[in-house]
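# Chains, contacts and geometry: an overview
The chain contents come next:
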Amino acid sequence: MRAGAPVIAVSVLVAALVCASQLHPFVAIWHGWVVDLAVALAGAFVLSSAIRSAGAQTMHERSAAISSIGGALLAAAFVYADIVGGAPVRVPAAPGQDYSPEHYARVGVSYADVSESGNARVWPAAAIIRDGDHVFSVAPGEVVRAGPFAFTSVRWPIAHVSALDTRGRPVTTTQPNNVAFLSPYLTFPQVDTDARPIDFFSVPPLHRDVGVKYFDGLPARGITVPFLVLQIRESNGAALFDGVAVDGREVSSSGVRLRFALGTYPAVITAGAAPIWICALGIALVIGGFVGYAFSLPNKVKRPEP
């Protein structure tokens, strides 16, 4: 089928979808194989129509072909970005680490290390996004685009944990479920059924496992400072202790002494998003073709083709 009203309608729908995904790239509904398949089929449809309309003699067909080229460009950019960037996900990294998306080393995320000022820790307010030779900071609430990705960040709880044995000697902690196995920072990558951030670490030398849940306070009970609810267990065994830990105060139980420093940190969220310049070009073609097609219709009615 040559380019015409149905092709323009499909191109406009693709453009509308791309605009919505650009305005809200971290909404999960715009991502996934079902959406990708539908957009890819729409792109193939308008592209085939544009090819068949190559060398068209009438204004309305040429305009519709221009619109379909824009729709095909938008569809290709959308699907590619979603395949490479995917649905919204938290970047798996800890303070002092760098992260690059798989198969796209040009773009990366750097988490600043935590510094100390006197006895207090200074928690960074932003993460760093690298796009080739360009570097951007992304603070909570901001959106940074790099390649086929969009990045934002949210303030998220973090805890530095130090462990001692009963004689006061430092012992190693590990995080089997986290990307940073030996990092002393708990980044709370999951939430419990009550939407509270949770994490887990082990103290192998003392054969202890510790589960923690973060609370930013309980104002209804007069608690206005953050704290942790923790459980100490034998390694793969029974629970030994249930209690509460607050910032800077030691908890000593079950053969281990634990101290936590609590703060917040910019947790980075990434999602696939087609580059702005490609979207702008595709949308301009769709709109330009639509306008040209609309203005050519009266002439088509007056002088129908043989």
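Our subject in this report is the structure included herewith. (Residues numbered from 1 in each chain as written. Predicted model: local features only at pLDDT ≥ 70, side-chain atom pairs only at ≥ 80, totals over all residues. Heavy atoms only, no water.)

## Brief notes about the packing of aromatic side chains
- Counting across every chain of the model gives seven aromatic pairs.
- Geometrically, the ring pair formed by tyrosine 104 and phenylalanine 149 is edge-to-face, given 5.5 Å between the ring centres and 70° between the ring planes. Of the two residues, tyrosine 104 is situated in the loop between β2 (98-99) and β3 (107-110) and phenylalanine 149 in strand β9 (residues 149-164); the sequence distance between them amounts to 45 residues. An identical accessibility class is assigned to tyrosine 104 and phenylalanine 149; each is buried.
- Each residue in the set Tyr104, Phe149 and Phe151 is aromatic and connected to the rest through ring pairs, giving one cluster. (Phe/Tyr/Trp six-rings, centres within 6.5 Å; stacked < 30°, edge-to-face > 60°. Helix = DSSP H or I, 4+ residues; strand = E, 2+ residues; numbered from the N terminus. Buried < 20%, exposed > 50% of the residue type's maximum accessible area, 1.4 Å probe, protein only.)

## Points about the pairing of strand β18 (residues 256-272)
- Counting buried positions along β18 gives 14 out of 17 residues, so the element sits mostly inside the fold.
- One ladder, built from three bridges, connects strand β17 (residues 251-253) with β18; its direction is antiparallel. Residue valine 251 lies in a different strand from β18, and its bridge partner there is leucine 258. (Pairing = 2+ DSSP bridges.)

## Looking at the state of the cysteines
- This model, assessed by the stated rule, comprises zero disulfides.
- No disulfide involves cysteine 19; its nearest neighbouring cysteine sulfur is the one of cysteine 279, lying 7.7 Å away. (Disulfide = S-S within 2.5 Å.)

## Observations regarding the nonpolar core
- Ranked by size, the top nonpolar core spans 21 residues in total, and within it Leu186, Phe201, Val212, Leu258 and Phe260 carry the most contacts.
- Only β9, β13 (197-203), β14 (208-215), β15 (227-234) and β18 provide two or more residues apiece to this core.
- The leading source of residues in this core is β18, at four residues.
- Those residues within four positions of leucine 186 in sequence are excluded, and the remaining contacts are Pro157, Ile158, Ala159, Val161, Gln175, Asp199, Phe201, Val212 and Phe260.
- Among the nonpolar cores identified, the runner-up in size contains 20 residues, and Tyr104, Val114, Val138 and Tyr265 belong to it. (Core = buried A, V, L, I, M, F, W, Y, C linked by side-chain atoms within 4.5 Å. Contact = heavy atoms within 4.5 Å.)

## Structural notes on helix α3 (residues 59-85)
- For α3, built from 27 residues, the straight-helix expectation of 39 Å at 1.5 Å per residue is met to within 8% by its first-to-last C-alpha distance of 39 Å.
- Backbone geometry just after α3 places glycine 86 at a positive phi near 75°. (Expected span 1.5 Å × (residues − 1).)

## Side note on the environment of glycine 243
- Following the sequence through the fold, glycine 243 ends up in strand β16 (residues 239-246).
- C-alpha of glycine 243 to C-alpha of serine 115: the two residues are 128 residues apart in sequence and 29 Å apart in space.
- For glycine 243, the residues in contact, after removing those within four places along its chain, are Leu228, Val229 and Leu230.

## Considerations on the packing of helix α1 (residues 5-23) against α3
- Here α1 crosses α3 at 35°, and the two axes come no closer than 8 Å. In this structure, α1 meets α3 at a crossing whose hand is left-handed. Along its contact with α1, which presents Val7, Ile8, Ser11, Val14, Ala15, Leu17, Val18 and Ser21, the element α3 presents Ala64, Ser67, Ser68, Gly71, Leu74, Ala75 and Phe78.
- When the residues that make up the contact of α1 with α3 are grouped by side-chain class, the tally is ten nonpolar, five polar and no charged. (Axes fitted to C-alpha atoms, helices over the stretch in contact; angles between N-to-C directions. Left-handed = near helix turned anticlockwise from the far one by under 90°. Nonpolar A, V, L, I, M, F, W, Y, C, P; charged D, E, K, R; others polar.)

## Observations regarding the sheet that holds β14
- The strand order across the open sheet built from five strands is β12-β13-β14-β15-β16, with neighbouring strands paired in antiparallel fashion. Strands at the two margins of the open sheet, each flanked by one partner only, are β12 (190-191) and β16.
- In the sheet, β14 pairs with β15 via eight bridges, with the strands oriented antiparallel. By the bridge assignment, arginine 208 is partnered in β15 with glutamate 234.

## Overview of the pattern of salt bridges
- All told, the structure shown has seven salt bridges when counted by the stated rule.
- One salt bridge connects aspartate 165 with arginine 169, and the closest N-O pair in it is separated by 2.7 Å.
- Through salt bridges that share partners, Asp192, Asp194 and Lys213 make up one connected network. (Salt bridge = Lys/Arg side-chain N within 4 Å of Asp/Glu carboxyl O.)

## Topic: the side chain of aspartate 165
- Mapped onto the secondary structure, aspartate 165 falls in the loop between β9 and β10 (170-171).
- A relative accessible area of 8% means that aspartate 165 is categorised as buried.
- A polar atom in the side chain of aspartate 165 sits 2.9 Å from the backbone nitrogen of arginine 167.
- Here arginine 169 takes part through its side chain, which lies 2.7 Å from a polar atom of the side chain of aspartate 165.
- Not counting the four nearest positions on each side in its chain, aspartate 165 is found in contact with Val171, Leu206, Gly255 and Arg257. (Polar contact = N/O pair within 3.5 Å; in protein donor to acceptor, adjacent residues only side chain to side chain.)

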